[in-house]
Amino acid sequence: MPPRTTIRTAATRPAVVLLAGYLAELLFRLALVRQMSFPSVHPDEDSYLALARVLAGGSATEIPVGVVVPGGYPLLISPALRLADDPVTAYHLVMGVNAAVNATVLPLAYVALRRLGLDRRPGYLFAAATALLPPVVFYSQFAMTDAVLPVLVLAWLLCLHGWLADGPPRRRAWHAAGAGASAGYAMAVHDRGGVVVALTAAVLLGVLVLRRAPWRATAAGLAALGLGVLGAELLAAWLHARFTVQESAVGSLLWQGLADPALAGRTLARTAGQTWYFITSTWGIGGLAVVACLYALFDRRLPRASRITGGVLVALLFGTALASAAALPPDGRVDDWVYARYTSCLVPAAFVTGVAVLAGYRRRALRRAAAVTAGLVLLLAGAVTLAAGAELRTSNFIPWSLPDVSFLASDWGRLDMPRASAAALVVLGGVVLLRGAGGRRVLGALGVSLALFAAFATVTITAQVARPHSVGREGLATGFTRASGIDQDDDVVFAWDVDWSLRAAQTFEVYRGRVWFRDPRWQPVPAEANVMVLPLPEAGRPPEAYWPDHPADWYVERFDAQQNWAVWHRR
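All values derive from a computational prediction rather than experimental measurement.

Colleague: Lay out the packing of helix α8 (residues 149-164) against helix α15 (residues 304-327) in plain terms, naming residues and giving numbers.
Modeller: Look at α8 against α15: their axes get within 8 Å of each other, and the N-to-C directions meet at 150°. Accordingly, the angle class assigned to the pair α8 and α15 is roughly antiparallel. For the element pair α8 and α15, the recorded crossing hand is right-handed. Contact residues: Val-153, Trp-156, Leu-157, Leu-160, His-161 and Leu-164 in α8; Ala-305, Ser-306, Ile-308, Thr-309, Val-312, Leu-313 and Leu-316 in α15. A breakdown of the residues in the contact of α8 with α15 according to their chemical character gives 10 nonpolar, three polar and no charged.

Written as structure tokens, this is what we have:
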């Protein structure tokens, strides 16, 4: 019998390696955001930070987005705002929270790959590649829900699979409860979580009726789902009571986009565009997952747990793409048609599934799946190009909204769908050919290659998109705060005519005071306000001319003609 110390070392080694990998992923993310000190994605970041401030015990302030967004992510980052004494420190702590949560993609992806049949070493290497993918890491560099949603969706699918797979009833009950709780929290994090909740409820009720799982385990899942949804609704109601804002119009826009025949073509084309982007951003490997999951629905030889989980993955992909395509209003931007964010939360789950196809399919079946994926990419690209027409060339191109395809096309100034599609399919074709030529012996080398390529892509996108995006908005955040002399304890009114991004950023930079959006010429000024930021009148007139009827206790303290603002103080 081997010594007990040997058994203990062998059992704990995977955990130690996973911990080391997690720490490396964490440090990688922290290195990428070391220069990020303020919100730059307006109004999304500013709105989440405004809610986090209230959840941390601070006072209410203006919500730049104009509605109360779901509070699950602000609840997660609120301790950072409670600990910090200034906005820069708080934002650094938020980036740390994002990195710590986002890096857990590695251990979750490893668990998923092991369940899908990969051995430890290739499973670990491909898990590292998954955690380094640009769609996974990019959004963690901002105070946005997309930092945590990929982790949440992957954990949710793992729990669904664990509940459906054969095993001890107690283990299945815990997995069912985990699936229900994950879905409920997803709903609290973002509107996309509503699709997760709907799918979870449908699967739980369907399995309960068909008696495909122990009823106690399914009941545990339904109970956790109900409690999670209730918690999300209570959190939303609590936040609504602390802000005076209008109700979100997302629901009405969604139903209009789905039900109006005049908008049906646009909605379907946008869905095709989002799906194209999703497959392309995973270098076609996510497309292998889509093809395999659709095929698995009709292959009764596969385990039921895998078939249902795969079907749910595809349903969430198309459901999310369809819902967001219907709900997003036209903004005159390229990403009206080809949008990256909303399906990015499924990238880790689809990538590990595609890797399982790469590792497990025989040579001929793998080539067929790759060919279908290539055909799907070309079909989707053709559909959205035909529907959008010249708008893909003439609309406003924002690199932040399309980072992955910009990298693949090596063009940061416009959308080049043919070149991005070709680059993604070249990566997919190379991986498939190497796997076919070398068999399972080359899986480790493929895992290392994809991990290195993912790290290179992520670093490049950070240098070309994330960092310039932030640096270019420094003047609207900490730069304006310094130039204006506004203190973080001031209570500030911003006129509606002041630059929109500047107003949004200052709702966080005025860290302990409060911000309002008002026009003092026709709206009452809050009694507690002691500072006001107004635009300048036309050239040649003094700053006071913008507000000629101002009370005697208000005076202009400083102004900037180049940036078109004047700071007023109350005596």
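Moving on from the coordinates now.
Colleague: Could you give me a rundown of the sheet that holds strand β4 (residues 554-560), with the residues and numbers involved?
Modeller: Strand order across the open sheet formed by five strands is β2-β1-β3-β5-β4, with mixed pairing between neighbours. In this open sheet, the two edge strands, each paired with only one partner strand, are β2 (515-517) and β4. Taking the axes of each pair of neighbouring strands and ignoring which way they run, one obtains an average angle of 25° across the sheet. Bridging between strand β1 (residues 492-494) and strand β3 (residues 531-534) involves three bridges; their strand directions are parallel. Along β3, the bridge assignment pairs Val-493 with Met-532.

Colleague: Let's hear about the side chain of Thr-61: which residues, and what values?
Modeller: Of note, Thr-61 is situated in the loop between α2 (44-55) and α3 (72-83). Polar side-chain contacts of Thr-61 include one of 2.9 Å to the backbone nitrogen of Val-515. Other than its neighbours up to four places away in sequence, Thr-61 contacts Ala-50, Arg-53, Phe-243, Thr-507, Arg-514 and Val-515.

Colleague: Account for the nonpolar core, naming residues and giving values.
Modeller: Core analysis: the largest hydrophobic core is formed by 148 residues, its most contacted members being Leu-81, Trp-156, Trp-163, Trp-276 and Val-338. Here this core gets 12 residues from one element, more than from any other, and that element is α8. Among all residues touching Val-338, those that are not within four sequence positions of it are Gly-273, Trp-276, Tyr-277, Val-384, Leu-392, Leu-402, Leu-415 and Met-417. Counting residues in each nonpolar core, the second largest holds 26 residues, with Val-498, Val-515, Ala-566 and Trp-568 among its members.

Colleague: Pulling in residues and values, what's your account of the pairing of β4?
Modeller: Sheet topology places β4 next to strand β5 (residues 565-570); six bridges connect them, and they run antiparallel. Looking at β5, one finds that Trp-554 is bridged to Arg-570. Following β4, the chain reverses through four residues before pairing antiparallel with β5; Asn-564 in that reversal takes a positive phi of roughly 60°.

Colleague: Quick one: what's the story with the packing of aromatic side chains, residue by residue and with numbers?
Modeller: The final tally for this structure, using the stated rule, is 20 aromatic pairs. A ring pair is formed by Phe-142 and Trp-400, whose centres lie 5.8 Å apart and whose planes are at 75°; its orientation type is edge-to-face. Of this pair, Phe-142 sits in the loop between α7 (134-137) and α8 while Trp-400 sits in the loop between α19 (391-394) and α20 (403-409), and the two are 258 residues apart along the sequence. Relative to Phe-517, the ring of Trp-496 lies with its centre 5.7 Å away and its plane at 70°, an arrangement referred to as edge-to-face. Placement of Trp-496 in the loop between β1 and α24 (500-509) and of Phe-517 in strand β2 is noted, with a sequence separation of 21 residues between them. Judged by relative accessible area, which is 4%, Phe-517 ranks as buried. The side chain of Arg-503 reaches across the aromatic face of Phe-517, ending 4.7 Å from its centre.

Colleague: Hey, could you go over the side chain of Thr-200 for me, with residue numbers and the actual values?
Modeller: With respect to the helices and strands, Thr-200 occurs in helix α10 (residues 193-210). The class for Thr-200 is buried, based on a relative accessible area of 0%. A polar atom in the side chain of Thr-200 sits 2.7 Å from the backbone oxygen of Val-196. Those residues within four positions of Thr-200 in sequence are excluded, and the remaining contacts are Trp-156, Ala-179, Gly-180, Ala-183 and Leu-225.

Colleague: Can you explain the pattern of salt bridges? Please cite residues and give values.
Modeller: What the rule picks out here adds up to 15 salt bridges. Here Arg-482 and Glu-474 are joined by a salt bridge, their closest N and O atoms 2.6 Å apart. Exposure remark for Arg-482: the relative accessible area of 58% places this residue in the exposed category. Between Arg-512 and Asp-489 there is a salt bridge, and its shortest N-O distance comes to 2.7 Å. Taken together, the positions of Arg-512 in the loop between α24 and β2 and Asp-489 in the loop between α23 (478-484) and β1 put the pair 23 residues apart, joining distant regions of the chain. Owing to a relative accessible area of 42%, Asp-489 belongs among the partly exposed residues under this scheme.

Colleague: Describe the packing of helix α13 (residues 261-281) against α15, with residues and values.
Modeller: Packed helices, taken two at a time, are described by the angle their axes make and the gap between the axes. Between α13 and α15, whose axes approach to 8 Å, the crossing angle comes to 130°. One finds that α13 runs oblique with respect to α15. The two elements α13 and α15 meet at a crossing, and its hand is right-handed. Judged by residue contacts, Arg-266, Thr-267, Arg-270, Thr-271, Gln-274, Thr-275 and Phe-278 of α13 engage Leu-317, Phe-318, Ala-321, Leu-322, Ser-324, Ala-325 and Ala-326 from α15. Residue classes in the contact of α13 with α15 are distributed as seven nonpolar, five polar and two charged.

Colleague: Residue-level account of the environment of Val-427, with values.
Modeller: Relative to the elements of secondary structure, Val-427 occurs in helix α21 (residues 417-438). C-alpha separation for the pair Val-427 and Leu-450, spaced 23 residues apart in sequence, amounts to 9.4 Å. Contact partners of Val-427, with chain neighbours within four places excluded, come to Trp-283 and Phe-453.

Colleague: Please provide a residue-by-residue account of the environment of Tyr-91, values included.
Modeller: Residue position: Tyr-91 is located in helix α4 (residues 87-102). Overall, the relative accessible area of 1% leaves Tyr-91 in the buried class. Through-space distance from the C-alpha of Tyr-91 to that of Leu-81 is 8.1 Å; in sequence the pair is 10 residues apart. What Tyr-91 contacts, discounting residues up to four positions off in sequence, is Met-36, Ser-37, Phe-38, Pro-39, Glu-45, Leu-49, Gln-141, Phe-142, Ala-143 and Phe-508.

Rules used in this analysis
- Residues numbered from 1 in each chain as written.
- Predicted model: local features only at pLDDT ≥ 70, side-chain atom pairs only at ≥ 80, totals over all residues.
- Heavy atoms only, no water.
- Axes fitted to C-alpha atoms, helices over the stretch in contact; angles between N-to-C directions.
- Helix = DSSP H or I, 4+ residues; strand = E, 2+ residues; numbered from the N terminus.
- Parallel < 35°, antiparallel > 145°, perpendicular 65-115°, else oblique.
- Left-handed = near helix turned anticlockwise from the far one by under 90°.
- Contact = heavy atoms within 4.5 Å.
- Nonpolar A, V, L, I, M, F, W, Y, C, P; charged D, E, K, R; others polar.
- Pairing = 2+ DSSP bridges.
- Polar contact = N/O pair within 3.5 Å; in protein donor to acceptor, adjacent residues only side chain to side chain.
- Core = buried A, V, L, I, M, F, W, Y, C linked by side-chain atoms within 4.5 Å.
- Buried < 20%, exposed > 50% of the residue type's maximum accessible area, 1.4 Å probe, protein only.
- Phe/Tyr/Trp six-rings, centres within 6.5 Å; stacked < 30°, edge-to-face > 60°.
- Lys NZ or Arg CZ within 6 Å of the ring centre and 35° of its normal.
- Salt bridge = Lys/Arg side-chain N within 4 Å of Asp/Glu carboxyl O.

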